[in-house]
Every structure is written in C-alpha cells, then in structure tokens.
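Analysis of the macromolecular model
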Amino acid sequence: SLPAKLINGGIAGLIGVTCVFPIDLAKTRLQNQQNGQRIYTSLSDCLIKTIRSEGYFGMYRGAAVNLTLVTPEKAIKLAANDFFRHHLSKDGKKLTLLREMLAGCGAGTCQVIVTTPMEMLKIQLQDAGRLAAQKKLMAAQNQIPSSPAAAAGPAVEKRTTATQITRELLRSKGIAGLYKGLGATLLRDVPFSIVYFPLFANLNKLGQKDPNVKAPFYVSFLSGCVAGSTAAVAVNPCDVIKTRLQSLQRGVNEDTYSGILDCTKKIWQKEGPTAFFKGAYCRALVIAPLFGIAQVVYFVGIAEFLLDLLPKRQA
C-alpha cells in the first residue's frame, strides 16, 4: 500500500542518514575547497580536524535538517519509482531497460521538490566549520588584516541555524531562495535515478530464486550498495557543481558562480578536470550503505509489519 511504502521509505532514510552523515559532511567540505585554500587533505583528515575544532557533534552539523526532510525525500523517491514502474509495465510483464530508466527519471524528478531545499540548508550548515577554520588559519598566518575586535581575543563562532537561514532566504528572495541550484540538483538526481533503479532491480533479481518471492535481505543490501556507489560516482561532477552553486558563503579568494555553465567553466580552467571528482569516494561511501539500508528496509517491509500489528493491538 502507498502508506506502507511512504513509511518504509521514511524509516530507511532516517536509519541511513544517521549512519553516514559524518562522511557526507566531509564530502561537502572537500568539494567546496578551491585551489590555494585547502584546509583538508582527505576524508580522515577532515573528520579528525572537525572533531578537534568542533567536537564530536561537529560531524553532525546540519544533520537535523537532513533527518527532518530525508523522510519525505526518500519516501517520494522510492514510492515514485514504484508508481512509474507499475504504470509503465504492460499487463504485469517485465519492464524493458528503457522503461526502467524512464521510471527512474520520474522518481528523480519528483524528489527534487524536497531534495533542493534540504541540500541548500544542509550545505550552509556543513560548510560553516570549513569557513571558520579557514579564517583562523589565515589569521594565524597574518594573511588577513587585524581589527580591534581581533586584537581583543579570538571571536567565538556564532552558529546559525537552519531556521535562521530559511527566514533570511524567504525574506530576501522568497521561496525561490530555497530552490537555488534547482537545475543542478535535477542534473544530478535525474541521471542518478536513471542509473540506480534499473541497476538495482536487475542486480536484486539475480538473488531471487523465484520471481514471485523477494530476494534475501543481504541481496537487497548488496544490490543497493553496488547500484548506489556506481550511480554516485557517475554523477559526482554534477554534485560538485550543485554544491558550489548552493553555497551562499565563500572563503577568502574563492570564486563565485552565476550558473551551471559559469561554474563548470571556472572549475575546469582553474582547478582542472579532476576537481569534478572531488569527494567522489566520500559520496560512494555515503550512498552505498545509505541505499543499501534503504532498500533492505523498503523491501523487507517494516511498515507492513507495524501496520499488521495495529489491528491486533486494538482487538
């Protein structure tokens, strides 16, 4: 049923995000670094420095936004894919690869309604620590002019919240402010879904002994991991562009971008083609278990189990 699908998708998203969020934070910070302004050298270096400067919970900066919105996002993504697959199938026959890709395209298009504002807010919170660390480093190297306030002592970083950012964006730019980078998000999520869903479906079928029986949970998990990591690396250049475009604050001497083409051109010219794969292994490490867990929860059907218990308890 649709309610069960939405609940399964939501539970899957909550579990997955909680497990992999620190790696996602490192991915955002690594992708936003520009040449000459590098604070972190690798995933492990980023996490270590984050813990030292911001504490353990610094790795979960922006997690509240993700945990709040990931439920509708994953629910829409998984349920929409099922919806399109159902309507594209003819008399219950096996879908062709093209129709599987069209179903994935539909799912990716639907999810950006929630994904874009979620990613927009999350990126601001995740990248704030990198910008603060950059300012401290440059101050220590005497690369920025001192001020009377700086001479009085180190300033305490004022942490903004997702609510404050949302209010400011709505006040200054309206609802469009929350949807900055919508085109780049579509450019990432639609190809991702086109690759992910058909690949997962075909890998998962390999573990089915009977077409009418669900594959074992470990097959769904491994299929989700392989399909997720493959799709994640394939669309990483789009993810780098999206991250750069959605970042409202810039570090010292960092480029600003007017759109997708401008961002692509500047990254290519100033940082080289390898810059489009910044954070690719982090993204693969995030997406693989995230979608592996999501598919297990979704296919095992926790919601069906919970909904079945409800009438029994009432009785």
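Just above, that's the structure.
Let me sum up the structure you'll find in this document. (Residues numbered from 1 in each chain as written. Predicted model: local features only at pLDDT ≥ 70, side-chain atom pairs only at ≥ 80, totals over all residues. Heavy atoms only, no water.)

A count of helical and extended segments in the protein gives 12 helices and zero strands. In sequence order, the protein lays out its α and β elements as α-α-α-α-α-α-α-α-α-α-α-α. When the 315 residues of the protein are sorted by exposure, 47% land in the buried category. Considering only contacts in the protein between residues 6 or more positions apart, those separated by 24 or more positions represent 81%. Working note: accessible area of the protein is about 15800 Å², and carbon and sulfur atoms make up 66% of it. (Helix = DSSP H or I, 4+ residues; strand = E, 2+ residues; numbered from the N terminus. Buried < 20%, exposed > 50% of the residue type's maximum accessible area, 1.4 Å probe, protein only. Contact = heavy atoms within 4.5 Å. Areas by Shrake-Rupley, 256 points an atom, 1.4 Å probe, with all protein chains shown as cover.)

Taken as a whole and judged by the stated rule, the model has eight aromatic pairs. Ring plane angle 10° and centroid distance 5.7 Å describe the contact between Phe-192 and Tyr-196, whose orientation is recorded as stacked. Here Phe-192 pairs with Tyr-196, and both are found in helix H7 (residues 182-206), just four residues apart, close to one helical turn. Note on accessibility: Phe-192 and Tyr-196 belong to one class, buried. Between Tyr-196 and Phe-200, the ring centres sit 6.0 Å apart and the planes meet at 15°, which makes this aromatic pair stacked. Of this pair, Tyr-196 and Phe-200 both sit in helix H7, four residues apart, roughly one helical turn. Residue Tyr-196 shares its accessibility class with Phe-200, and that shared class is buried. (Phe/Tyr/Trp six-rings, centres within 6.5 Å; stacked < 30°, edge-to-face > 60°.)

Quick look at the nonpolar core now. Grouped together as the largest cluster of nonpolar side chains are 29 residues, with contacts concentrated most on Val-65, Phe-192, Tyr-196, Ile-287, Leu-290 and Phe-291. For this core, the elements supplying multiple residues, two or more each, are helix H1 (2-32), helix H3 (63-88), helix H4 (97-140), helix H6 (162-173), H7, helix H8 (217-234) and helix H11 (280-300). Residues contacting Phe-192, with those up to four places away along its chain left out, are Lys-77, Gly-228, Ala-231, Ala-232, Val-235, Arg-283, Ile-287 and Phe-291. (Core = buried A, V, L, I, M, F, W, Y, C linked by side-chain atoms within 4.5 Å.)

Within the secondary structure, Ile-123 sits in helix H4. Here Ile-123 falls in the buried class, since its relative accessible area comes to 1%. Distance in space between the C-alpha atoms of Ile-123 and Gln-246 is 7.2 Å, their sequence separation being 123 residues. With sequence-adjacent residues up to four places away left out, Ile-123 is seen in contact with Thr-28, Asn-32, Lys-242, Thr-243, Gln-246 and Ser-247.

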